[in-house]
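Geometric and topological summary
Okay, here's what each chain looks like letter by letter:
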Amino acid sequence: MANDSKTWRCGKYELSFDRPRIMGVLNVTPDSFSDGGEHFDPDVAIEYGLAMLDAGADIIDVGGESTRPGFTPVNPDEEARRVLPVVRALAKEGAIVSIDTRHVAVAKAAVRCGASIVNDVKGFTDPKMVEFVATSTCGVIVMHAGEIAAPTRTHATVQLDTSAAAFVAEKAREAAAEAAREAEKPARRRRGKLLGEPKTEAKLPGGVVQPSLPFGDPEPAPEPTDEQKQEAPAAEQAIPVAEAVATPEPAPEPNDHLAAMMRRSARREEAYVPTSQLRRFTLPDSAPIMRRVMGFLSDQARTLIHAGVSRDRICIDPGPGFGKTANEDIVIQRETAKMASLGYPLMCAVSRKRFVGAVSGVTEAAARDAATFGVCLGAIQAGANIVRVHDVTGFAQFLNGYWAVAKPQPRRAFVAVGSNLGHRCDNIRAARDMIAEIPLTCVSNCSRIYESEPAYETRQDAFANAVIEIKTELAPLVLLDELMKIEAELGRDRSKKAKVNGPRTIDLDLLWMDGEIHGGKKLRLPHPLIGERDFVLVPLEDLMHDPARFFRYNGVEVKEPEDRVGHIVGELGRM
């Protein structure tokens, strides 16, 4: 299951997997397979990325080159022009940003702009990409993009091996001669069969029956000229017989093996027809498929480790849809537990893929979200840690509903409470009681109530402040919504006319939650201003030993007491 002990270090962030993590897909492209052109404008892409964070995404995967079947390669300069403004803006808002690229120059520029993860569709087969990530601290995603088996060729003429054909033809001539001799004798029947009929089958060595070819004796070939004799060996070595008659493929861009492979993959899927050899099973044997996929992922992970990338920075992705048929993709998804056993964080990136459409009967890619959620749930149950989806809003609701019922998981969190209007202490106690009524949440401890100087907006009355320790099974954004409801019920004015840091009857801030990192406009975890607020750090001392050290360990910059704002000036009593 996803609630295991794996962690994933991505630059300054560390993701835990006590809960599955959601990666939102952000394609800054004109031609992606399901949402091409929707977020091609950088401003639109940034707004959409922030909306995905507010909907529940833990990671935003930004890509500037479509790798759908039949895609047109994009040069690194154009790709960088598309993605860098988006990466920079999202990272500035505290988002964990992944750059989806196969070009080392784009990866370098994106990491400099704040990206924390490099998602390489080529699986770090480029030594320059390996060299780059070895000198950085970013997380890496090793993806398998390759054909599991050779493309199926249909309706192609097959040239038989000439030695075998000659042997069969010789046997056919002998049978014909024997038949002619027998035809001169009176026809006799024995056991209901006409003995004078010519034989239609010839036995090859070992008793194997070889059907006679559907044509007569071959005409003698003309004697080749001396020039043809010299050219024949070279031609036989240059072009295999079976490939010589196959339909030629369009020429890919120079050295672009991925584009060529994806074109073959598309034709392979479209041209698939049942063969004359009936299969006994609905799916191909999993062993050779998983040897290819797991072998590649393990080998590339070891290559990165040997180059200097620590193991806890590596995530693996079997690459659904990349050079694989629908049957192969289903086999791979059913073997998720085996891939999870490799010990690396495991990605499930099936969103809207062709095989999802094949099993659900949904033709339009953008309409496959419900089927995507079903496949993702199966992967999560088998051990997948990260789910890459297009519809973050829908999947976050789906996951929150499933997780609340299936996985009891109370987590520790801290909520800061403040008031400087009306009966301040009564407002704080009322908020505490209402927090205790939030579903799947309880109040486990409370600090004393302190009086503090106003912070930021200094021309107002002093505040009463406290911190409440809770345990909750809700997702952070769901918990935040519940806290906002309590603020509204107690008379907090959050309209545009109200000052951001002005007087308020109640103020509730979610400071920190166990195992959670989040960025965006709606919620930042840990709270980015903890380290400078004396009216938060002092009450926290009632609940934990050395909160400054605790938050510094969690990547928060904590200022010295004299440099903080909202200093504590007295104690107002207990909760």
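Quick note: structure is the one above.
Structure report, in brief. Since this is a predicted model, take the numbers as computed values, not measurements.

Digging into the overall build of the protein
A count of helices and strands for the protein gives 18 helices and 20 strands. Across the 575 residues that make up the protein, the buried fraction comes to 47%. The contacts in the protein between residues at least 6 apart in sequence include a share of 72% that link residues at least 24 apart. As presented, the protein carries roughly 29,200 Å² of accessible surface, and 52% of it is formed by carbon and sulfur atoms.

Section: helix H1 (residues 42-55)
In this model, H1 (14 residues) spans 20 Å end to end at C-alpha, consistent with the 20 Å of a helix rising 1.5 Å per residue. When we look at burial in H1, the residues that qualify are Ala45, Ile46, Gly49, Leu50, Met52 and Leu53. For H1, the angular spread of the buried residues around the axis is 155 degrees, confining them to a single face. Opposite its buried face, H1 presents the exposed residues Asp43 and Glu47, each directed more than 90 degrees away. On its buried face, H1 sits against strand E3 (21-27), strand E4 (59-63), helix H2 (76-92), helix H14 (392-406) and helix H16 (476-489). Glycine 56 lies just past H1 and shows a positive phi near 130 degrees.

A closer look at the pattern of salt bridges
Pairing between side chains of opposite charge can happen when the charged atoms of each approach one another. Evaluated as defined, the whole model comprises 34 salt bridges. With its nearest N and O atoms 3.6 Å apart, the salt bridge here joins glutamate 560 to arginine 552. Taken together, the shared-partner salt bridges connect Asp18, Arg21, Asp58, Arg411 and Glu516 into one network.

A short note on the packing of aromatic side chains
A ring pair, where both rings are aromatic, is described by two values, the distance of the centres and the angle of the planes. As enumerated under the stated definition, the model contains 7 aromatic pairs in all. With a centroid separation of 5.5 Å and 35 degrees between ring planes, the pair formed by phenylalanine 373 and phenylalanine 398 is classed as tilted. Of this pair, phenylalanine 373 sits in helix H13 (residues 369-382) while phenylalanine 398 is found in helix H14, placing the two residues 25 residues apart along the sequence. A residue is classified by how much of its surface remains accessible, and phenylalanine 373, at 10% relative accessible area, is buried. Under the relative-accessibility criterion, phenylalanine 398 is labelled partly exposed at 29%. Clustering of aromatic rings is evident, with ring pairs tying together Phe414, Trp512, Phe550 and Phe551.

A few points about the sheet that holds strand E14 (residues 386-389)
Spatial strand order, E12-E7-E6-E5-E4-E3-E14-E13: 8 strands in an open sheet with parallel pairing. Every interior strand has two partners, whereas the edge strands, strand E12 (314-317) and strand E13 (347-348), have only one. In this structure, strand E7 (residues 139-143) lies alongside E12, joined through 4 bridges in parallel fashion. In the sheet register, valine 140 faces E12, and the bridge partner there is isoleucine 314.

Considerations on the environment of arginine 574
Turning to its location among the elements, arginine 574 is positioned in the segment after strand E20 (568-573). On the basis of relative accessibility, which here comes to 63%, the residue arginine 574 falls in the exposed class. Sequence separation of arginine 574 and serine 447 is 127 residues, and the distance between their C-alpha atoms is 7.3 Å. When neighbours within four sequence positions are excluded, arginine 574 is seen to be in contact with Arg429, Arg448 and Ile449.

Quick notes on the packing of H2 against helix H3 (residues 104-112)
Where H2 meets H3, the closest approach of the two axes is 10 Å, and the angle between their N-to-C directions is 20 degrees. Viewed along their axes, H2 and H3 adopt a mutual orientation that is roughly parallel. Taken as a pair, H2 and H3 cross one another with a handedness that is right-handed. Residues Pro76, Glu79, Ala80, Val83, Leu84 and Val87 of H2 touch H3, and the partners they reach there are Val106, Ala109 and Ala110.

Here's the deal with the packing of H1 against H2
With their axes 9 Å apart at the nearest point, H1 and H2 run at an angle of 35 degrees to one another. H1 and H2 meet at a crossing whose hand is right-handed. Every residue of H2 that contacts H1 at Pro42, Ala45, Ile46, Gly49 and Leu50 is listed here: Pro85, Val86, Ala89 and Leu90. Partitioned by chemical class, the residues of the contact of H1 with H2 number 8 nonpolar, 1 polar and no charged.

Concerning the side chain of histidine 390
Residue position: histidine 390 is located in the loop between E14 and H14. Within the structure, the side chain of histidine 390 is placed 2.6 Å from the side chain of serine 351, a separation counted as a polar contact.

Topic: the environment of leucine 529
Topologically, leucine 529 is positioned in the loop between strand E19 (507-513) and helix H17 (534-540). For leucine 529, a relative accessible area of 28% translates into the label partly exposed. For the pair leucine 529 and glutamate 557, spaced 28 residues apart in sequence, the C-alpha separation works out to 8.9 Å.

Side note on unusual backbone geometry
Negative phi characterises most residues that are not glycine, and trans characterises most peptide bonds. Backbone torsion omega between leucine 525 and proline 526 reads -10 degrees, so that peptide bond is classified as cis. Along the polypeptide, proline 526 turns up in the loop between E19 and H17. Although it is not a glycine, arginine 352 adopts a positive phi angle of roughly 60 degrees. Of note, arginine 352 is situated in the loop between E13 and helix H12 (354-360).

Quick notes on H13
Here H13 is 14 residues long and its end C-alpha atoms lie 20 Å apart, about the 20 Å a rise of 1.5 Å per residue gives. Turning to H13, its buried residues are Asp369, Thr372, Phe373, Val375, Cys376, Ala379 and Ile380. Those residues of H13 that are buried are in contact with helix H10 (326-334), helix H11 (336-340), E13, H12, E14 and H14. Just downstream of H13 lies glycine 383, where phi reads positive at about 125 degrees.

Re the pairing of E3
Among the 7 residues in E3, 7 count as buried, and that is most of the element. Of the two faces of E3, the one carrying Arg21, Met23, Val25 and Asn27 and the one carrying Ile22, Gly24 and Leu26 are both buried. As defined by bridge partners, E3 adjoins E4 across 5 bridges and the pair is classed as parallel. Across the sheet, methionine 23 pairs through a bridge with isoleucine 59, a residue of E4.

Calculation criteria
- Residues numbered from 1 in each chain as written.
- Predicted model: local features only at pLDDT ≥ 70, side-chain atom pairs only at ≥ 80, totals over all residues.
- Heavy atoms only, no water.
- Helix = DSSP H or I, 4+ residues; strand = E, 2+ residues; numbered from the N terminus.
- Buried < 20%, exposed > 50% of the residue type's maximum accessible area, 1.4 Å probe, protein only.
- Contact = heavy atoms within 4.5 Å.
- Areas by Shrake-Rupley, 256 points an atom, 1.4 Å probe, with all protein chains shown as cover.
- Expected span 1.5 Å × (residues − 1).
- Arc of directions from axis to C-beta.
- Salt bridge = Lys/Arg side-chain N within 4 Å of Asp/Glu carboxyl O.
- Phe/Tyr/Trp six-rings, centres within 6.5 Å; stacked < 30°, edge-to-face > 60°.
- Pairing = 2+ DSSP bridges.
- Axes fitted to C-alpha atoms, helices over the stretch in contact; angles between N-to-C directions.
- Parallel < 35°, antiparallel > 145°, perpendicular 65-115°, else oblique.
- Left-handed = near helix turned anticlockwise from the far one by under 90°.
- Nonpolar A, V, L, I, M, F, W, Y, C, P; charged D, E, K, R; others polar.
- Polar contact = N/O pair within 3.5 Å; in protein donor to acceptor, adjacent residues only side chain to side chain.

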